[in-house]
Amino acid sequence: MDILVCVGSSCHLKGSRQVISAFTQLIKEHQLEDRLTLKGSFCMGKCSCKGISVKVEDDFYSLIPEDVEKFFAETVMGRL
Ligand code: FES
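Okay, so let's go over this structure. Since the model is a prediction, treat every value here as computed from it, not as a measurement.

## A short note on helix 2 (residues 16-29)
In a regular helix each residue adds 1.5 Å, so 14 residues correspond to 20 Å; helix 2 covers 20 Å between its end C-alpha atoms and thus fits that length. Turning to helix 2, its buried residues number three or more, namely S16, V19, F23, L26 and I27. One face of helix 2 carries all of its buried residues, which in axial projection span an arc of 100°. Exposed and facing more than 90 degrees away from the buried side of helix 2 are R17, K28 and E29. In the core, the buried residues of helix 2 are packed alongside strand 1 (2-6), helix 1 (9-14), strand 2 (37-41), strand 3 (52-56), strand 4 (59-63) and helix 3 (68-79). Q31 sits one or two residues past helix 2 and shows a positive phi near 50°.

## A look at the side chain of S41
Mapped onto the elements, S41 comes out in strand 2. The buried category is assigned to S41, whose relative accessible area is 13%. When neighbours within four sequence positions are excluded, S41 is seen to be in contact with L4, V5, C6, V7 and G8.

## Looking at the packing of aromatic side chains
In the structure shown here, the tally under the stated rule is three aromatic pairs. Taken together, a centroid distance of 6.3 Å and an interplanar angle of 55° make the contact between F23 and F72 tilted. Here F23, found in helix 2, pairs with F72, found in helix 3; they are 49 residues apart in sequence, far enough to count as distant. Assigned by exposure class, F23 and F72 land together as buried. Consider the rings of Y61 and F71, whose centres lie 4.8 Å apart with planes at 70°: the pair is edge-to-face. Of this pair, Y61 sits in strand 4 while F71 sits in helix 3, placing them 10 residues apart in sequence.

What counts and what doesn't
- Residues numbered from 1 in each chain as written.
- Predicted model: local features only at pLDDT ≥ 70, side-chain atom pairs only at ≥ 80, totals over all residues.
- Heavy atoms only, no water.
- Helix = DSSP H or I, 4+ residues; strand = E, 2+ residues; numbered from the N terminus.
- Expected span 1.5 Å × (residues − 1).
- Buried < 20%, exposed > 50% of the residue type's maximum accessible area, 1.4 Å probe, protein only.
- Arc of directions from axis to C-beta.
- Contact = heavy atoms within 4.5 Å.
- Phe/Tyr/Trp six-rings, centres within 6.5 Å; stacked < 30°, edge-to-face > 60°.

Spelled out as structure tokens, the structure:
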């Protein structure tokens, strides 16, 4: 399953790098490297959202770095 994190300039300023490193860490901790692929994406056209744009499969989310752990546990793990 792919997790796409926007690395466009607006999301970059909001902390997409932190979101990516939090996901990387969580994927490693849960040993899900074979099942989850983290990818960077160009602007998703949702710069006006409060958080960083993230897509899991075709679903769009807006996350702040502090949300990643909870999001991973509930939304990502829930889909595996
Ligand atoms: S830069 Fe991320 S949605 Fe536009």
